[in-house]
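Residue-level structure breakdown
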Amino acid sequence: MKRFVIIFVIGFAALPAVSAQDSLDYYLEAAAKNNPAVMAAFHAYEAALQKIPQAGAYEDPRLELGFFPAPMELVDGRQIAQFQLMQMFPWFGAKKAARTEARHMAGMAYEQFREARDNLFPEICGQWYVLNRLQQRFKNNRENIALLKQLESLALRKYSSGGDASGGGATPSGKAPDVMPADAGSAGSAMSMGGALSTSGSQPSTLNVQPSGGMAGSMPSSSSSGGLSEILRIQLEMAELESDSASILSEMIAEKARFNALLNRPAESEITVPDTFMLIPFRLAIDGAMQLAAEQNPMPGMLREEALAYRAKEEMSRKMGYPMIGIGLQYMLIGRKNGMAEMGGAPDAGMNGRDMVMPMLSVSIPVYRSSYRAARKEAQFQQQAALAKYNEALNNLEAELYRFRYEMDDAERKVLLYRKQAGLARTACDLLVQEFISDKSDLSSILQVQQQLSDFRLKESEAIAGYNTAVAAVRKIISSKNVEP
């Protein structure tokens, strides 16, 4: 049984393939094995199992010993001592009902253990998505910094050439020149929670500007008087993004410690967050989910076990109202009595000094019936209360399913919206950069669209996290054991 339960503990986090170190499944499995709250609930279940043999055990037999300091004179001897052994038995079926009650109480403890495990998994998932959101913020900052460095390079060229980013010469094709990013590789280092973040992913559109000759000797003209202020504004934006990135790294350390605490690991343990952050494929059907919840969710299961336990208790109370039967044996140690002939008896009488053995039978008489009737009524009312709580639990689970379906639908709509807006903002930003090169737009427009693009990306990651968190909550409700969390 213990081996089966341990296998069941990790069943919820069973993986369809080999667990990877950066997989959420890997951390769920580790939490199921190591989390102190889950282990405490499991040990409480093990303790409840030990009450089953206790409930089925009979009362210890009763042994009474009596010795006579001066042997008591009898007709055919002298009684020296008396031994009495008695074993009481409850009415037929009472012990079986007691074992049934203990078994259902152990079932309640088992469902409480499952509840503790299932409550842990959504908490781990939520903390995991917090780490994912922070990584996306950091990645977004690095991409914005790379774009700002491109703009800084363009602004420096315009300032140096007196307003012409191409150094005064137009490209043969008539297109705007391109610029290579000053720090294109800064946004692609692998993220390890031990101390570094990995932000591989899409980079902002790069613009290849071919530097023209003679730029080093050119002096800024009066038309480029605003170029220096643009450079300073870009540097201010980059400084703010660098500061925000450092803040994100500090927050990651705190969130990493909380995540490791759920896994019962040292706070500095390494956590690897994958670079991709996508919606979990999931479709929620309320009717099917409610059927699974009624069958598998630990809360209704615990209340079912509670109702069955009180039903068994009612039967046990009824049986205890019947007489108890005792079977025993009495043994009297009798010594020989001398001088039987002088007293008119035969000197070798057959009963002289012969020990006596007497079987015994005792029956308890349950005269005071009020206590037994009250115990039965108490068990009946407790059973009705458990059934009422069972129905309430199902109603609450159904309401939660509808709420989570709304949250999932709303988050999915937001993800589609933010992706569309981010695509449009990215295209607008690229066009504004091209116009900035040819002095057809100013820096403020680029920074404004860039900020909008950054906001759309962050909102998309938050919507994805909300959707995935709702999926984890739904899977907790239906208490799936063999699906990927």
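Keep in mind that this is a model prediction, so the values were computed, not measured. (Residues numbered from 1 in each chain as written. Predicted model: local features only at pLDDT ≥ 70, side-chain atom pairs only at ≥ 80, totals over all residues. Heavy atoms only, no water.)

Moving on: the pairing of strand β1 (residues 62-74). With nine bridges joining them, β1 and strand β2 (residues 77-89) adopt antiparallel strand pairing. In the sheet register, Phe67 faces β2, and the bridge partner there is Ala81. Connecting the antiparallel pair β1 and β2 is a turn made up of two residues. (Pairing = 2+ DSSP bridges. Helix = DSSP H or I, 4+ residues; strand = E, 2+ residues; numbered from the N terminus.)

The next thing to look at is a positive patch on the surface. Judged by side-chain charge, Arg369, Arg373, Arg376 and Lys377 come together as a positively charged surface patch. Residue position: Arg376 is located in helix α9 (residues 370-437). By relative accessible area, Arg376 is classed as partly exposed at 31%. (Patch = residues over 30% accessible without salt bridge, like charges linked within 9 Å, V, L, I, M, F, W, Y side chains within 5 Å. Areas by Shrake-Rupley, 256 points an atom, 1.4 Å probe, with all protein chains shown as cover. Salt bridge = Lys/Arg side-chain N within 4 Å of Asp/Glu carboxyl O. Lys, Arg positive; Asp, Glu negative; His and termini not counted. Charge placed at Lys NZ, Arg CZ, Asp CG, Glu CD. Buried < 20%, exposed > 50% of the residue type's maximum accessible area, 1.4 Å probe, protein only.)

A separate point is α9. Taking 1.5 Å of rise per residue, 68 residues should cover 100 Å, and α9 covers 97 Å from first to last C-alpha, within 8% of that figure. Asp439 lies just past α9 and shows a positive phi near 60 degrees. (Expected span 1.5 Å × (residues − 1).)

Segments scoring low in pLDDT should not have their predicted coordinates read at a detailed level. Taken residue by residue, the protein chain gives an average pLDDT of 80. The fraction at 70 or more is 78%. Taken together, the stretch residues 1-19 has pLDDT below 50 and engages in 38 contacts with residues farther than four places along the chain or on a different chain. Every residue in residues 481-485 scores below 50 in pLDDT, and together they form 16 contacts with partners more than four places removed in sequence or on other chains. (pLDDT = per-residue confidence, 0-100. Contact = heavy atoms within 4.5 Å.)

Looking at chain direction, β2 and strand β3 (residues 325-335) are connected through eleven bridges and run antiparallel. Each bridged residue has a counterpart across the sheet, and for Gln79 the counterpart in β3 is Ile334. By the bridge criterion, eight bridges tie β3 to strand β4 (residues 356-363) in an arrangement that is antiparallel. Bridge pairing links Tyr331 to Val357 in β4.

Aromatic ring pairs are reported here in terms of the distance separating the ring centres and the angle at which the planes meet. For the coordinates displayed, the defined rule picks out 14 aromatic pairs. On the basis of an interplanar angle of 85 degrees and a centroid distance of 5.3 Å, the ring pair of Tyr27 and Phe259 is categorised as edge-to-face. One end of the pair, Tyr27, is in helix α2 (residues 24-34); the other, Phe259, is in helix α6 (residues 227-262), and 232 residues separate them in sequence. Relative to Phe259, the ring of Trp128 lies with its centre 6.0 Å away and its plane at 45 degrees, an arrangement referred to as tilted. On the criterion of sequence distance, the pair formed by Trp128 in helix α5 (residues 94-161) and Phe259 in helix α6 is long-range, its members being 131 residues apart. The residues Trp128 and Phe259 share a single accessibility class, namely buried. Taken together, the ring pairs in this structure connect Tyr26, Tyr27, Trp128 and Phe259 into an aromatic cluster. (Phe/Tyr/Trp six-rings, centres within 6.5 Å; stacked < 30°, edge-to-face > 60°.)

We now examine unusual backbone geometry. Even without being glycine, Asn264 reaches a positive phi, approximately 60 degrees. Tracing the backbone shows Asn264 in the loop between α6 and α7 (286-296). The backbone of Asp439 sits at a positive phi, close to 60 degrees, despite the residue not being glycine. With respect to the helices, strands and loops of the structure, Asp439 is situated in the loop between α9 and α10 (443-478). Using a relative accessible area of 44% as the deciding quantity, one classes Asp439 as partly exposed.

So, about the pattern of salt bridges. With the rule as written, the count across this model stands at 18 salt bridges. With a closest N to O distance of 3.2 Å, Glu407 and Arg403 form a salt bridge. Here the residue Glu407 and the residue Arg403 both occupy positions in helix α9, the gap between them amounting to four residues, near one helical turn. What makes Glu407 partly exposed here is its relative accessible area of 29%. A relative accessible area of 42% places Arg403 in the partly exposed class. Where salt bridges share partners, they join Arg137, Asp244 and Glu251 into one cluster.

Turning our attention to the environment of Arg78. Locating Arg78 in the fold gives a position in strand β2. The spacing of Arg78 and Gly335 is 257 residues in sequence and 5.0 Å in space, taken between C-alpha atoms. Every residue in contact with Arg78, bar those within four places of it in the chain, is listed here: Pro71, Met72, Glu73, Leu333, Ile334, Gly335 and Arg336.

Okay, a nonpolar patch on the surface next. A cluster of nonpolar side chains, Leu63, Leu65, Phe67 and Leu85, forms an exposed patch at the surface whose accessible area comes to about 430 Å². Ranked by the residues each element gives to the nonpolar patch, the list is headed by β1, at three residues. Residue classification places Leu63 among the exposed positions, given a relative accessible area of 54%.

Read across the open sheet, the four strands follow the order β1-β2-β3-β4; overall the sheet is antiparallel. Whereas interior strands pair on both sides, the edge strands pair on one side only; in this sheet they are β1 and β4. Along the sheet, successive strands turn relative to each other by an average axial angle of 20 degrees, direction set aside. (Axes fitted to C-alpha atoms, helices over the stretch in contact; angles between N-to-C directions.)

With that settled, consider the packing of helix α3 (residues 36-49) against α5. Two numbers describe how α3 lies on α5: the axes approach to 8 Å, and their chain directions differ by 170 degrees. In terms of orientation, α3 lies roughly antiparallel with respect to α5. Between α3 and α5, the residues in contact are Ala37, Val38, Ala41, Phe42, Ala44, Tyr45, Ala48 and Leu49 and Ala106, Ala109, Tyr110, Gln112, Phe113, Ala116, Arg117 and Leu120, respectively. Counted by class, the contact of α3 with α5 contains 14 nonpolar, one polar and one charged residues. (Parallel < 35°, antiparallel > 145°, perpendicular 65-115°, else oblique. Nonpolar A, V, L, I, M, F, W, Y, C, P; charged D, E, K, R; others polar.)

Let's shift gears to the packing of helix α8 (residues 298-320) against α9. With their axes 8 Å apart at the nearest point, α8 and α9 run at an angle of 170 degrees to one another. As summarised for this structure, α8 and α9 are arranged roughly antiparallel, according to the angle between their axes. Partitioned by chemical class, the residues of the contact of α8 with α9 number 15 nonpolar, four polar and nine charged.

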